[in-house]
Amino acid sequence: MSKEHPPHNLHVPVLLDATVETLKPKVGENYLDLTAGYGGHASRILDITGNYAESVLVDRDEYAIERLKSFSDRGVRLLHTDFAAAGQQLADEGLKFNVILVDLGVSSPQLDQFDRGFSFTNSGPLDMRMDRRQEKSASTLVNNASEEELTRIITQYGEEPIGFSRIIAKAIITNRPLSKTGELADLIKDSYRGKWKKTHPATRTFQAIRIAVNDELRQVEDLLPNLPRLLKPGGRVGIISFHSLEDRLVKRYFKEQFDLGLESELLPITKKPIAGDIYDVHNPRSRSSKLRVAVKK
Ligand SMILES: C[S@@+](CC[C@H](N)C(=O)[O-])C[C@H]1O[C@@H](n2cnc3c(N)ncnc32)[C@H](O)[C@@H]1O
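Computed from a prediction, not measured in an experiment: that's the story for all the values here.

Parameters and conventions
- Residues numbered from 1 in each chain as written.
- Predicted model: local features only at pLDDT ≥ 70, side-chain atom pairs only at ≥ 80, totals over all residues.
- Heavy atoms only, no water.
- Helix = DSSP H or I, 4+ residues; strand = E, 2+ residues; numbered from the N terminus.
- Contact = heavy atoms within 4.5 Å.
- Core = buried A, V, L, I, M, F, W, Y, C linked by side-chain atoms within 4.5 Å.
- Buried < 20%, exposed > 50% of the residue type's maximum accessible area, 1.4 Å probe, protein only.
- Domains from an automatic or database assignment.
- Buried area = accessible area lost by both parts, 1.4 Å probe.
- Salt bridge = Lys/Arg side-chain N within 4 Å of Asp/Glu carboxyl O.
- Polar contact = N/O pair within 3.5 Å; in protein donor to acceptor, adjacent residues only side chain to side chain.
- Near = heavy atom within 4 Å.
- Areas by Shrake-Rupley, 256 points an atom, 1.4 Å probe, with all protein chains shown as cover.
- Nonpolar A, V, L, I, M, F, W, Y, C, P; charged D, E, K, R; others polar.
- Axes fitted to C-alpha atoms, helices over the stretch in contact; angles between N-to-C directions.
- Parallel < 35°, antiparallel > 145°, perpendicular 65-115°, else oblique.

Q: Before we go on, may I ask you to explain the side chain of serine 108 in this structure?
A: With respect to the secondary-structure elements, serine 108 resides in helix H6 (residues 108-112). Those residues in contact with serine 108 that sit more than four places away from it in its chain are Leu10, His11 and Arg285.

Q: In this structure, what is going on with the nonpolar core? I would like to understand it.
A: Soluble globular proteins: nonpolar side chains tend toward being buried together. Core analysis: the biggest nonpolar cluster contains 59 residues, and Leu32, Leu34, Ile100, Leu184 and Ile239 have the highest contact counts within it. By residue number, the principal contributor to this core is helix H11 (residues 203-213), which donates six residues. The two domains that each donate at least three residues to this core are domain 1 (8-108 + 217-296) and domain 2 (135-213). Beyond its immediate sequence surroundings of up to four residues, leucine 184 is in contact with Leu126, Val142, Ile172, Leu178, Phe206 and Ile209. By size, the runner-up hydrophobic cluster in this structure holds 22 residues, among which are Ala36, Leu46, Ile65 and Val99.

Q: Mind showing me how you'd approach unusual backbone geometry here?
A: Note on backbone geometry: most residues besides glycine have negative phi, and most peptide bonds are trans. Residue arginine 176 is joined to proline 177 through a cis peptide bond whose omega torsion reads 15°. By the element assignment, proline 177 lies in the loop between helix H9 (162-175) and helix H10 (181-191). Of note, leucine 15 is a non-glycine position whose phi angle comes to about 50°, a positive value. Locating leucine 15 in the fold gives a position in the segment before helix H1 (16-23). Of note, the phi angle at aspartate 215 is positive, near 50°, even though the residue is not glycine. If you trace the backbone, aspartate 215 turns up in the loop between H11 and helix H12 (216-223). Under the relative-accessibility criterion, aspartate 215 is labelled partly exposed at 35%.

Q: How should I be thinking about the domain arrangement of the chain in this particular structure?
A: Many structure descriptions define interface size as the accessible area lost when the parts assemble. For the chain, the assigned domains read domain 1 (8-108 + 217-296) and domain 2 (135-213). Here domain 1 and domain 2 have C-alpha centroids that lie 31 Å from each other. With seven residues of domain 1 at the interface, the matching set in domain 2 holds six residues. Across the domain 1/domain 2 interface, buried area totals approximately 490 Å², and carbon plus sulfur atoms make up 57% of it. Per-residue buried area on domain 1 facing domain 2 is highest for Leu217, His243 and Leu245; these three make up 65% of the total on that side. Across the contact surface, domain 1 and domain 2 share zero salt bridges. Where domain 1 touches domain 2, the interface holds three residue pairs in polar contact (both at pLDDT 80 or more).

Q: Is there a simple way to explain the site of the ligand in this structure?
A: Among the 24 residues in the neighbourhood of the ligand, the closest are listed as Tyr38, His41, Asp59, Phe83 and Asp103. With respect to the ligand, the backbone of arginine 60 contributes an N or O atom lying 3.2 Å from a nitrogen atom. Computed on the free molecule, the ligand has an accessible area of 600 Å², of which 99% lies beneath the protein chains in the complex. Classifying every residue of the shell around the ligand by side-chain character gives eight nonpolar, ten polar and six charged.

Q: Would you mind going over the packing of helix H8 (residues 147-158) against H11 with me for this structure?
A: Packed helices, taken two at a time, are described by their axes: the angle between them and the distance between them. Between H8 and H11, whose axes approach to 8 Å, the crossing angle comes to 100°. Taken as axis vectors, H8 and H11 run roughly perpendicular relative to one another. Mapping the contact onto sequence places Ile153, Ile154, Tyr157 and Gly158 in H8 and Arg204, Thr205, Gln207, Ala208, Ile209, Ile211 and Ala212 in H11.

Now the structure itself:
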């Protein structure tokens, strides 16, 4: 691994060996990383291909982009935007890649830095924006959405039972304005009438609000149809998801492609996803991860 790349202890890449073994990067191939983060996957793949000049790293988080500057020093193009927009832009430019990776979700620094507002263990401002140029934050949502909208978001994106979603939404409406993640977490904890063991009762609501603030499912839906346009014949795309709703979108799209038979552009090569709890047991971040891979015909 090259010494000039960002320190990987900031974020331990998920399913790294499995990703390299299934995407099979080769010397000279070009690479598109649509969620480059702290460059863990990118380092390993670019070390193999050596093709920096024709590769592109994307992230919507300026803090990640800052840390990826060492790659641009070696000729890699960096794009500070969301991957739905990046996918459209690169496809419109007519660029095509041998290897594409999408590693969804949040990075460890996003969770660990209290001032990003993703965490309730370290209370911070209600923010949760991956891209801080965006207007809508967790505060906008929590302090302005209707009770019905909050119930829907918590039920749909947090997969919280509807009864408890309603209780949380009502508690939010009654107690707002809220400004800190800790306040919101305490409110949810106080509304919870059962016993909880491992998972704090606010976990699912925080996930739901994060998904809504960053429009995470729409991002995936918009990106998927552009993937065939972005791949060279024989090119491989891998998608790592952490949430069943995201994985369902990928699985459905790959199945649609498979069902098209001769007319399909992509051939899924992972019938069952490669699961982090089996293939990356030593990395706690991998627990709920799933990798699906497809090849461009
Ligand atoms: C799980 S981390 C990726 C880690 C990376 N593979 C590594 O090895 O360091 C996810 C990254 O994707 C970024 N991200 C998430 N959704 C995004 C989107 N829709 N568009 C662009 N970047 C996104 C986040 O900001 C975060 O830096």
